[in-house]
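Structural characterization, general
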Number of protein chains: 2
Amino acid sequence: MAKSRRRPADKFEERRRELAESALVTLGELGYARTTLREIASNSEFSHGVLHYYFSDKLDLIVFCVQLYKARCVHRYDAVVESSTTPDELLDGFLGKLAETIVEEAPMHRLWYDLRSQSMFEEALREPVRVIDQTLEDMVWRVVCRYAELLDVRPMMTPALAYGLLDGLFQLALHGYTAGREDALTTLQDEVRAVVALLFRDALETSAV
Amino acid sequence: MAKSRRRPADKFEERRRELAESALVTLGELGYARTTLREIASNSEFSHGVLHYYFSDKLDLIVFCVQLYKARCVHRYDAVVESSTTPDELLDGFLGKLAETIVEEAPMHRLWYDLRSQSMFEEALREPVRVIDQTLEDMVWRVVCRYAELLDVRPMMTPALAYGLLDGLFQLALHGYTAGREDALTTLQDEVRAVVALLFRDALETSAV
DNA sequence: AAGGAATCTGGACAATCGTCAAGACAGGGG
DNA sequence: CCCCTGTCTTGACGATTGTCCAGATTCCTT
């Protein structure tokens, strides 16, 4: 119906993505509760009516935004994982990226935790949020597995456990950074270092020459 | 002005608390974004106009609710901490309470994480949320300290670290429970057990007879 | 160039929000 | 007893929201 016949290609999809990118900026600034369709449109080069041409519904738009967010952030640590050849190099690189993303993508992280909270009240958000949560867990698990591999041990935890631990510290640091505490980033790095040191104590002791 | 002269006592404060309790129920069900003053009033025995007699503002009401929430949940683990005489007894009791509160106070926990997310976008919420966060950190720290004490070791972590680790796992379990995964509670308990076992490995090995 | 489909605009709609104020009700001190 | 003050109800207000639609505009095919 609304889709292409003249434009067989994904001109339609392209504009959807373009509008969703605009929406993500607004959502990151204002959060879910305060974001309106008119505000989203005014931060783009289109009028507010066009949103209902590309999205059936406000929730349809937001769900699409959430999925778009996922696609962008999932491979954040892949380069570090692949290029590192020692445990320390991997840990340092990972912690660097961790602090970097809080500084440079803070609105997006705030939005993510906001939407994840909303998913507990809004049924329609639950499934897309679950998928992203799983993707993030995989992302963390790849780092942990590589770290254990470089230490020549097997990771003594589950993927969910690793994700839960890291996510709790990350969220705490994001709140601290948002509140203007400058030591939030280095504190996060120190904490993760401490946890890793404790969890991989055996391997780290035996590998120390 | 609005306060008491005839009623010198805290009849005024009493009703504020009563209305805030009603508001907490509604907030727990609907979340911050979808909760309206009329909905709050309709879940109480009063009309919607009375809310502006006891609260200057919607945010004033919600901030008061948040502080009321704190007062109720902070001493959740005190009995277990004080009555336990062995590390295992403390851990078991703590894990029991942990799962229990997810089941029996799920709406309140959902609301807490919702409001904490909102505080990243709403300046006025930041300070009361920070206070509660600190209180929760203290609550967790009392458990950790007691556990270490019963093991006759010093806890090898900071209060913020302990809180961040546990909160991440707790939040994950709350999401799982909300999504209807029945194993979320036992998974949480297993995960916490695993982390404690890893973090206190030395003490647990030497204390084993 | 012309026509039609795709795209976009801007205004209008009903619904709902927080807020407010005028008046009804209650109850205790004169 | 009445009146004053604190308490509560009710209805209204302006603002804002998501949604919809009639028409203007653009763009491609023929």
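From a predicted model like this one, the values you see are computed outputs, not experimental measurements.

1. Remarks on the UniProt feature "domain: HTH tetR-type" (unreviewed entry) in chain A
Mapped onto this numbering, the UniProt entry annotates "domain: HTH tetR-type" (unreviewed entry) at residues 13-73 of chain A. In residues 13-73 of chain A, helix accounts for 79% and strand for 0%; the two terminal C-alpha atoms are 20 Å from one another.

2. Describing the packing of helix H6 (residues 87-104) of chain A against helix H8 (residues 123-151) of chain A
All names here are of chain A. Contact geometry of H6 with H8 gives a least axis separation of 9 Å together with a crossing angle of 155°. The angle between H6 and H8 places the two elements in the roughly antiparallel class. Along its contact with H6, which presents Pro87, Leu90, Leu91 and Phe94, the element H8 presents Val143, Arg146, Tyr147, Leu150 and Leu151.

3. Some thoughts on helix H1 (residues 11-34) of chain A
With 24 residues, H1(A) ought to run about 34 Å at 1.5 Å a step, yet its terminal C-alpha atoms sit only 30 Å apart, falling short of that. The largest bend in H1(A) is about 80°, located at A:Gly28. Within H1(A) the residues assigned to the buried category are A:Phe12, A:Arg16, A:Leu19, A:Ala20, A:Ser22, A:Ala23, A:Leu24, A:Thr26, A:Leu27, A:Gly28, A:Gly31 and A:Tyr32. On its buried face, H1(A) is in contact with helix H2 (37-42), helix H3 (51-54), helix H4 (58-73) and helix H7 (106-118) of chain A together with helix H1 (11-34) of chain B.

4. A look at the relation of the copies chain A and chain B
You can overlay chain A on chain B at an RMSD of 0.1 Å; the transform is a turn of 180° with a shift of 0.0 Å along its axis. Given the turn and translation reported, the copies of this chain are related as if by a two-fold rotation axis. Identified as the residue of chain A closest to the rotation axis by C-alpha distance is A:Gly168, at 1.8 Å. The overlap is high: 100% of the interface residues of chain A also sit at the interface in chain B, so the same surface is used on both sides.

5. Describing the domain arrangement of chain A
Residues and elements named next belong to chain A. Looking at chain A, the domain boundaries give domain 1 (11-68) and domain 2 (74-207). Placing a centre on the C-alpha atoms of domain 1 and another on those of domain 2 gives a separation of 28 Å. On the side of domain 2, 11 residues touch domain 1, which itself brings 11 residues to the contact. The interface formed by domain 1 and domain 2 contains 0 salt bridges. Secondary structure elements with two or more residues in the side of domain 1 that touches domain 2: H1 and H4. A breakdown of the residues in the side of domain 1 that touches domain 2 according to their chemical character gives 8 nonpolar, 3 polar and no charged.

6. A few points about the interface of chain A and chain B
Taken together, the contact pairs 44 residues of chain A with 44 residues of chain B. Together, the buried faces of chain A and chain B total about 3,700 Å²; carbon and sulfur atoms form 65% of this surface. Ranking the residues of chain A by area buried against chain B places A:Met120, A:Phe121 and A:Arg201 at the top, with a combined share of 19%. The interface formed by chain A and chain B includes 4 salt bridges. A salt bridge links A:Arg201 to B:Asp202, with the nearest nitrogen and oxygen atoms 2.4 Å apart. Where chain A meets chain B, there are 16 residue pairs in polar contact (both at pLDDT 80 or more). Every element with two or more residues in the side of chain A that touches chain B is listed here: H1, H7, H8, helix H9 (159-178), helix H10 (184-199) and helix H11 (201-207) of chain A. Looking at the side of chain A that touches chain B, the element that brings in the most residues is H9(A), giving 12 residues. The residue makeup of the side of chain A that touches chain B, split by class, is 21 nonpolar, 11 polar and 12 charged.

7. As for helix H6 (residues 87-104) of chain B
Residue and element names in this part refer to chain B. Counted at 1.5 Å a residue, the expected span for H6 with its 18 residues is 26 Å, and the 26 Å between its end C-alpha atoms agrees. Every buried residue of H6 is listed here: Pro87, Leu90, Leu91, Phe94, Leu95, Leu98, Ala99, Thr101 and Ile102. Along H6, the residues classed as buried sweep out an arc of 160° about the axis, all on the same side. Residues Asp88 and Glu104 are exposed on H6 and point more than 90 degrees away from its buried face. Each element contacted by the buried residues of H6 is listed here: helix H5 (78-83), helix H7 (106-118), helix H8 (123-151), helix H9 (159-178) and helix H10 (184-199).

8. A word on the packing of aromatic side chains
In this structure the tally under the stated criterion is 14 aromatic pairs over all chains. Ring centres 5.1 Å apart and planes at 80° place the aromatic pair B:Tyr147 and B:Phe200 in the edge-to-face group. One end of the pair, B:Tyr147, is in helix H8; the other, B:Phe200, is in the loop between H10 and helix H11 (201-207), with 53 residues separating them in the sequence. In textbook terms, an aromatic cluster arises when at least three aromatic residues are bridged by ring pairs, as seen for A:Phe12, A:Tyr53 and A:Tyr54. Its end group placed over the ring of B:Phe64, B:Arg16 keeps NZ or CZ at 4.6 Å from the ring centre. The lysine or arginine in question, B:Lys58, covers the ring of B:Tyr32, its NZ or CZ lying 5.9 Å from the ring centre.

The rules we used
- Residues numbered from 1 in each chain as written.
- Chains lettered and ligands numbered in written order.
- Predicted model: local features only at pLDDT ≥ 70, side-chain atom pairs only at ≥ 80, totals over all residues.
- Heavy atoms only, no water.
- UniProt positions renumbered as here; feature names shortened; annotations may be inferred.
- Helix = DSSP H or I, 4+ residues; strand = E, 2+ residues; numbered from the N terminus.
- Axes fitted to C-alpha atoms, helices over the stretch in contact; angles between N-to-C directions.
- Parallel < 35°, antiparallel > 145°, perpendicular 65-115°, else oblique.
- Contact = heavy atoms within 4.5 Å.
- Expected span 1.5 Å × (residues − 1).
- Bend = angle between axes of the 7 residues up to and from the residue.
- Buried < 20%, exposed > 50% of the residue type's maximum accessible area, 1.4 Å probe, protein only.
- Least-squares fit on C-alpha atoms with pLDDT ≥ 70 in both.
- Domains from an automatic or database assignment.
- Salt bridge = Lys/Arg side-chain N within 4 Å of Asp/Glu carboxyl O.
- Nonpolar A, V, L, I, M, F, W, Y, C, P; charged D, E, K, R; others polar.
- Buried area = accessible area lost by both parts, 1.4 Å probe.
- Polar contact = N/O pair within 3.5 Å; in protein donor to acceptor, adjacent residues only side chain to side chain.
- Arc of directions from axis to C-beta.
- Phe/Tyr/Trp six-rings, centres within 6.5 Å; stacked < 30°, edge-to-face > 60°.
- Lys NZ or Arg CZ within 6 Å of the ring centre and 35° of its normal.

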